[in-house]
Amino acid sequence: MSNKQKRYFLTEEEIPTQWYNIQADMPNKPLPPINPATKQPLKAEDLFPVFAEELCRQELNQTDAWIDIPEEVREMYKYYRSTPLVRAYGLEKAIGTPAHIYFKNESVSPVGSHKLNSALAQAYYCKKQGITNVTTETGAGQWGAALSYAAKAFGLEAAVYQVKISYNQKPYRRSIMQTYGAQVTPSPSMSTRAGKDILTVDPNNQGSLGTAISEAIELALNTPNCRYTLGSVLSHVTLHQSVIGLEAEKQMQKAGEYPDIIIGCFGGGSNFGGISFPFMRHNIKDGKTTRFIAAEPASCPKLTRGVFQYDFGDVAGYTPLLPMYTLGHNFMPANIHAGGLRYHGAGVIVSQLLKDKMMEAVDIKQSESFQAGLLFSQAEGIIPAPESCHAIAATIQEAKRCAQTGEEKVILFNLSGHGLIDMAAYDQYLSGSLLDYEVTDEEVQRNISQLEKVL
Ligand SMILES: *Cc1c(COP(=O)(O)O)cnc(C)c1O
């Protein structure tokens, strides 16, 4: 008997018209970001030189639970939304679990990941304000590709700093960004003060998201009519990604089920928050008891082994101080293939929710993530992004637990992207040369002890 697969879609009218802002409903709101110069809570205006103004207001909005999706953005969403919700019968069979496994397939976006959901919104708000140029950083290149396309769609010029290790490991992502018309520079570079500072101390520095962010912000601040954009971590990014969970909620209704467990891989928190928060509102308001699990790499374990503290979002210290789970902004993650998960901190919303035990986190070793990716590829036909493999590995752990207890739990995970540009990583796994990286407690302690205590 062949494996079954069942997919659920929405009509155009059913595609959400508003994003969901969980900040309005959180029992404990995130602590305010702090302006490092004044040590005062940040005001939206403080961010205006860096981001489009509407995005600054969304970032700090703790009162409006629902925010309208601009019609121009919703029209672009219709290029690929709704994305399918899939019942993964093949994966269930391969695991031998009584659990019902569903995944939301964000890999069907033109750029291959969920990142376009926020890129389109950010490009739109920049354009509306009369901005002409946008900058950003990218790791594996997923965000850079999304921003490059979104910029082109709204008539903006894009300059992207790509983490050097990924620039060299994943040349096709650079080609994709250039195909969409963006300028791409490997980071650290000599084109900014932040890059120069790093390269003069360590000429072989392979870069990190924290470094690339510093470079992109510096360029935005020094270029007229230019703003910076970020693909994760910030609350307005997670707001835009709520379209994932809002769609999934309606699609699960069509499937006649409600998730007991929701899982997302975790870089800065946007795809995890995107699929989780619309459901978490029912935990907060309607007494539902869904578990939410963030799956992070064992080599970059800020949620499971970091500290909750004010820290910078980048290496140079250009960002506001954010109250978050962090490994310290100087933490250099190992060169794992899941480039989108190589970030030292977690967004402020997720950090507060984890502190309040409204969600959980697990760490996954690189080899286990690819083992899960292989099983999923063979069972469902879609080759997942190395990042998404972490969510699949955590799903398999939960599904195996159900196999032991006989529980028919309903598990929903987010397939944040496909891995078709990441086949070099799969090659390494298949040839047995993939490494697992462990972080020692001393390393974690050393980085964290360097953090300045703000409060
Ligand atoms: C960027 C990325 C991630 C990690 O970012 P989050 O903000 O934590 O979602 C995960 N998966 C894919 C495919 C990505 O491109």
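Residues numbered from 1 in each chain as written. Predicted model: local features only at pLDDT ≥ 70, side-chain atom pairs only at ≥ 80, totals over all residues. Heavy atoms only, no water.

Draft legend 1. Region of interest: the packing of helix α15 (residues 366-380) against helix α17 (residues 423-430). Relative orientation of the contacting elements α15 and α17 amounts to 105°, with a least axis distance of 11 Å. With respect to α17, the element α15 is oriented roughly perpendicular. The residues of α17 that touch α15, namely those facing Ser367, Phe370, Gln371, Gly373 and Leu374, are Ala425, Tyr426, Tyr429 and Leu430. Here the contact of α15 with α17 is composed, by residue class, of six nonpolar, three polar and no charged. (Axes fitted to C-alpha atoms, helices over the stretch in contact; angles between N-to-C directions. Helix = DSSP H or I, 4+ residues; strand = E, 2+ residues; numbered from the N terminus. Parallel < 35°, antiparallel > 145°, perpendicular 65-115°, else oblique. Contact = heavy atoms within 4.5 Å. Nonpolar A, V, L, I, M, F, W, Y, C, P; charged D, E, K, R; others polar.)

Draft legend 2. Broad picture of the nonpolar core. Ranked by internal contacts, the top residues of the largest apolar core, which has 72 residues, are Trp19, Leu116, Leu120 and Met359. With eight residues, helix α5 (residues 116-128) is the largest single contributor of residues to this core. In contact with Leu120, not counting residues within four places along its chain, are Val73, Met76, Tyr77, Tyr80, Ala150 and Phe154. With 30 residues, the next largest nonpolar core counts Ala99, Ala338, Ile364 and Cys402 among its residues. (Core = buried A, V, L, I, M, F, W, Y, C linked by side-chain atoms within 4.5 Å. Buried < 20%, exposed > 50% of the residue type's maximum accessible area, 1.4 Å probe, protein only.)

Draft legend 3. Seen up close, the side chain of His240. Note on placement: His240 falls in helix α11 (residues 235-255). With relative accessibility at 0%, the residue His240 sits in the buried group. Polar contacts involving the side chain of His240 include one to the side chain of Ser118, which spans 2.9 Å. Polar side-chain contacts of His240 include one of 3.2 Å to the backbone oxygen of His236. (Polar contact = N/O pair within 3.5 Å; in protein donor to acceptor, adjacent residues only side chain to side chain.)

Draft legend 4. Up close: the site of the ligand. Lining the immediate environment of the ligand, one finds 17 residues, of which Lys115, Ser232, Gly267, Asn271 and Ser416 sit closest. Lys115 places a polar side-chain atom, nitrogen or oxygen, 2.7 Å from an oxygen atom of the ligand. In this structure, Gly267 approaches the ligand through a main-chain N or O atom, which is 2.7 Å from an oxygen atom. For the ligand, whose accessible area on its own is 390 Å², the fraction buried by protein is 98%. Among the detected pockets, the ligand sits in the largest cavity. In the shell around the ligand, the residues fall into four nonpolar, eleven polar and two charged. (Near = heavy atom within 4 Å. Areas by Shrake-Rupley, 256 points an atom, 1.4 Å probe, with all protein chains shown as cover. 1 Å grid on protein atoms, 1.4 Å probe; cavity = no way out; pocket = protein on both sides within 12 Å on 5 of 7 lines; lining within 4 Å. Sits in = over half its atoms within 2 Å of the grid points.)

Draft legend 5. Seen up close, α11. Taking 1.5 Å of rise per residue, 21 residues should cover 30 Å, and α11 covers 30 Å from first to last C-alpha, within 8% of that figure. Helix geometry: α11 is bent most strongly at Gln241, by close to 30°. Where α11 ends, the next residue or the one after it, Gly256, has phi of about 75°, a positive value. (Expected span 1.5 Å × (residues − 1). Bend = angle between axes of the 7 residues up to and from the residue.)

Draft legend 6. Examining the sheet that holds strand β5 (residues 100-105) more closely. Spatial strand order, β1-β4-β5-β15-β10-β11-β14: seven strands in an open sheet with mixed pairing. Taken across any chain shown, the strands that pair with only one partner, and hence form the sheet edges, are β1 (6-8) and β14 (360-364). With direction set aside, neighbouring strand axes in the sheet form an average angle of 25°. Two strands pair when backbone bridges link them, and β5 and strand β15 (residues 410-415) are joined in this way by six bridges, in the parallel orientation. Paired with Lys104 across the two strands is Asn414, which belongs to β15. (Pairing = 2+ DSSP bridges.)

Draft legend 7. Up close: the side chain of Asp314. With respect to the helices and strands, the residue Asp314 is situated in the loop between β12 (307-312) and β13 (321-326). Buried charge without a salt bridge: Asp314, with Arg193 as the nearest opposite-charge side chain at an N-O distance of 8.4 Å. A polar contact of 2.7 Å, which involves the side chain of Asp314, links it to the side chain of Ser214. In this structure the side chain of Asp314 is engaged in a polar contact, spanning 3.3 Å, whose partner is the backbone nitrogen of Thr319. Not counting residues up to four positions away in its chain, the partners in contact with Asp314 are Gly210, Ile213, Ser214, Thr319, His329 and His344. (Lys, Arg positive; Asp, Glu negative; His and termini not counted. Salt bridge = Lys/Arg side-chain N within 4 Å of Asp/Glu carboxyl O.)

Draft legend 8. Expanded view of empty space enclosed by the protein. Evaluated as defined, the whole model comprises seven cavities of 30 Å³ or more. There is about 350 Å³ of room inside the largest cavity. What lines the largest cavity is a set of 30 residues, and nearest its centre among them are Lys115, Gly231, Ser232, Gly340 and Leu341. Put simply, the parts of the chain that give the lining of the largest cavity at least two residues each are β6 (133-138), α6 (142-153), α10 (209-222), α12 (270-286) and α16 (386-405). Grouping the amino acids of the lining of the largest cavity by side-chain chemistry returns ten nonpolar, 17 polar and three charged. By volume, the second largest cavity amounts to about 50 Å³. Lining the second largest cavity, in full, are Pro297, Ala298, Ser299, Ile336, Ile364, Lys365, Gln366, His390, Asp436, Tyr437 and Glu438. (Points joined across faces, edges and corners; volume = space filled by probe spheres on them.)

Draft legend 9. Molecular detail of the environment of Asn271. Within the secondary structure layout, Asn271 lies in helix α12. Between the alpha carbons of Asn271 and Asn414 there is a distance of 7.4 Å; along the sequence they are 143 residues apart. Dropping the residues within four chain positions of it, Asn271 is found in contact with His114, Gly264, Cys265, Asn414 and Ser416.

Draft legend 10. Up close: the layout of surface pockets. Quantified by volume, the largest pocket comes out at close to 330 Å³. Around the largest pocket, the lining comprises 24 residues; the ones closest to its centre are Leu47, Phe51, Tyr318, Thr319 and Pro320. Listed by contribution, the elements that provide at least two residues to the lining of the largest pocket are α1 (44-47) and α10. Residue classes in the lining of the largest pocket are distributed as 19 nonpolar, three polar and two charged.

These results come straight from atomic positions and should not be treated as a statement about function.
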